[in-house]
Amino acid sequence: MKGLGRRNGQAALEYILVFVALLGLYFAARWFASAARRTAVQTAEIVTSDSP
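The sections below set out a description of the structure shown in this document. The structure displayed is predicted, hence computed values, not measured ones.

### Let's talk about the overall build of the protein
1) Next: Assigned secondary structure in the protein consists of one helix and zero strands.
2) Next: Counting across all 52 residues of the protein, residues that qualify as buried make up 2%.
3) Next: Total accessible area on the protein stands at roughly 5100 Å², and carbon and sulfur atoms take up 68% of it.

Below you can see the structure in the form of structure tokens.
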């Protein structure tokens, strides 16, 4: 029964690590989406500009 507490602690640590990894992926995806949106706006401004 001694090893059971250690396994529970390892499982909790694994859940925390997975949560942190998913949180990192979420923020990376948001950063990528905002960069893509900025690039799309800049491209639209260049395409619709009146200068030759």
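### Remarks on a nonpolar patch on the surface
1) Next: A contiguous nonpolar patch, built from I16, F19, V20, L23, Y26 and F27 and spanning about 620 Å² of accessible area, is present on the exposed surface.
2) Next: What makes L23 partly exposed here is its relative accessible area of 37%.

The rules behind these values
- Residue numbering note: each chain is counted from 1, following its sequence as written.
- Side-chain atom pairs in this predicted model are given and counted only at pLDDT of 80 or more, local residue features only at pLDDT of at least 70, and totals for whole chains, interfaces and linings cover all residues.
- To obtain the side-chain values, all non-hydrogen atoms of the structure were used and water was disregarded.
- Helix and strand definitions follow DSSP, with helices as H or I runs of at least four residues and strands as E runs of at least two, each counted in order from the N terminus.
- Whether a residue is buried, partly exposed or exposed follows from its accessible area with a 1.4 Å probe, protein chains only, as a fraction of its type maximum: under 20%, in between, or over 50%, in that order.
- Note on areas: these come from Shrake-Rupley sampling with a 1.4 Å probe, and a residue is covered only by the protein chains present in the view.
- Patch membership requires over 30% relative accessible area and the absence of a salt bridge. Like charges are linked within 9 Å, and nonpolar side chains (Val, Leu, Ile, Met, Phe, Trp, Tyr) within 5 Å.
- Whenever a carboxyl oxygen of Asp or Glu lies within 4 Å of a side-chain nitrogen of Lys or Arg, that contact is scored as a salt bridge.

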